[in-house]
Amino acid sequence: MIENIAKKTCTPCRGGIPPLTRDEAAGYLSQTPGWGLLDDGHLIRRKFKFDDFQQALAFVDEVGRLAEEEGHHPDICFGWGYAEVSLQTHKIKGLHENDFILAAKINHLPRAS
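Criteria and thresholds
- Residues numbered from 1 in each chain as written.
- Predicted model: local features only at pLDDT ≥ 70, side-chain atom pairs only at ≥ 80, totals over all residues.
- Heavy atoms only, no water.
- UniProt positions renumbered as here; feature names shortened; annotations may be inferred.
- Helix = DSSP H or I, 4+ residues; strand = E, 2+ residues; numbered from the N terminus.
- Rg over C-alpha atoms; globule rule 2.2 N^0.38 Å.
- Buried < 20%, exposed > 50% of the residue type's maximum accessible area, 1.4 Å probe, protein only.
- Contact = heavy atoms within 4.5 Å.
- Lys, Arg positive; Asp, Glu negative; His and termini not counted.
- Charge placed at Lys NZ, Arg CZ, Asp CG, Glu CD.
- Pairing = 2+ DSSP bridges.
- Expected span 1.5 Å × (residues − 1).
- Polar contact = N/O pair within 3.5 Å; in protein donor to acceptor, adjacent residues only side chain to side chain.
- Axes fitted to C-alpha atoms, helices over the stretch in contact; angles between N-to-C directions.
- Salt bridge = Lys/Arg side-chain N within 4 Å of Asp/Glu carboxyl O.

Per an unreviewed UniProt entry, the chain goes by Putative pterin-4-alpha-carbinolamine dehydratase and derives from Rhizobium fredii. The annotation that UniProt attaches to the chain under Catalytic activity (unreviewed entry) is "(4aS,6R)-4a-hydroxy-L-erythro-5,6,7,8-tetrahydrobiopterin = (6R)-L-erythro-6,7-dihydrobiopterin + H2O". According to its UniProt record, the chain has this under Sequence similarities (unreviewed entry): "Belongs to the pterin-4-alpha-carbinolamine dehydratase family."

Printed below as a string of structure tokens:
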């Protein structure tokens, strides 16, 4: 179910399916180090740290490029020296495998720390 999750591609979620349970979502966390399960298992989030604003902005640009490639879009908050990325599948009001796929790919970006 979660083998090599970073090598998978996000698939369009049309809704009408249940979100992952808290236990199912927790099972994916081993593939997404640094990410935390929040909102009673309906959201994952990770904060990334950088030396300055420019590095944070460059990272956000990379996350945006990746999100467009995958067709799955996170919520991003950033400022001087940090970027915080949150993922959930809004159509199902919870988590889907796509959220963990994108989180794993974000973890592999060169500037992720």
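## Considering the overall build of the chain
A tally of regular secondary structure across the chain gives 3 helices and 4 strands. For a compact globule of 113 residues, the expected C-alpha radius of gyration is about 13 Å, and the chain comes in at 13 Å, within 12% of that figure. C-alpha atoms of the chain, sized along the principal axes, occupy 40 × 25 × 25 Å. Every one of the 113 residues in the chain was classed for burial, and the buried ones make up 44%. Taking all contacts inside the chain whose residues are at least 6 apart in sequence as the whole, residues at least 24 apart take part in 69%. Here the chain carries 13 positive and 16 negative side-chain charges, and the mean point of each set is 1 Å from the other.

## A look at the pairing of strand S4 (residues 82-87)
As paired elements, strand S2 (residues 43-49) and S4 share 6 bridges and run antiparallel to each other. Considered in S4, the bridge of Phe-48 is made with Ala-83. Direction of pairing for strand S3 (residues 75-79) relative to S4: antiparallel, over a ladder of 5 bridges. Counterpart to Asp-75 in the pairing with S4 is Ser-86. Two successive antiparallel strands, S3 and S4, enclose a turn made up of 2 residues, where Gly-81 displays a positive phi of approximately 80 degrees.

## Here we look at helix H2 (residues 53-70)
With 18 residues, H2 should reach 26 Å at 1.5 Å per residue; the first-to-last C-alpha distance of 26 Å fits that figure. Every buried residue of H2 is accounted for by Ala-56, Ala-58, Phe-59, Val-60, Val-63, Leu-66, Ala-67 and Glu-70. For H2, the elements touching its buried residues are S2, S3, S4 and helix H3 (97-107). One side-chain oxygen of the residue at the start of H2 lies 3.2 Å from the amide nitrogen of Gln-54, identifying that residue as Asp-52.

## A few points about the sheet that holds S2
Sheet strands line up and pair through hydrogen bonds in the backbone, either parallel or antiparallel. Taking strand neighbours across the sheet as the criterion, the 4 strands line up as S1-S2-S4-S3 in an open arrangement whose pairing is antiparallel. Only two strands of the sheet have a single neighbouring strand rather than two, namely strand S1 (36-38) and S3. Across the sheet, the mean angle separating the axes of adjacent strands is 25 degrees when strand polarity is ignored. The strands that H2 touches are S2, S3 and S4; relative to S3, the one it contacts most, it runs at about 165 degrees. H3 rests against S2 and S4 of the sheet, and its axis sits at about 10 degrees to S2.

## Observations concerning the pattern of salt bridges
All told, the structure shown has 5 salt bridges when counted by the stated rule. With a shortest N-O distance of 2.7 Å, Glu-97 and Lys-8 are connected by a salt bridge. With Glu-97 in helix H3 and Lys-8 in the segment before helix H1 (22-28), the pair connects residues that are 89 residues apart, well separated along the chain. Using a relative accessible area of 28% as the deciding quantity, one classes Lys-8 as partly exposed. Overlapping salt bridges bring together Glu-62, Arg-65 and Glu-69 as one network.

## Observations regarding the environment of Ile-5
Note on placement: Ile-5 falls in the segment before H1. Placed 99 residues apart in sequence, Ile-5 and Ala-104 show a C-alpha to C-alpha distance of 6.8 Å. Setting aside residues no more than four positions away along its own chain, Ile-5 makes contact with Tyr-28, Gln-31, Glu-97, Phe-100, Ile-101 and Ala-104.

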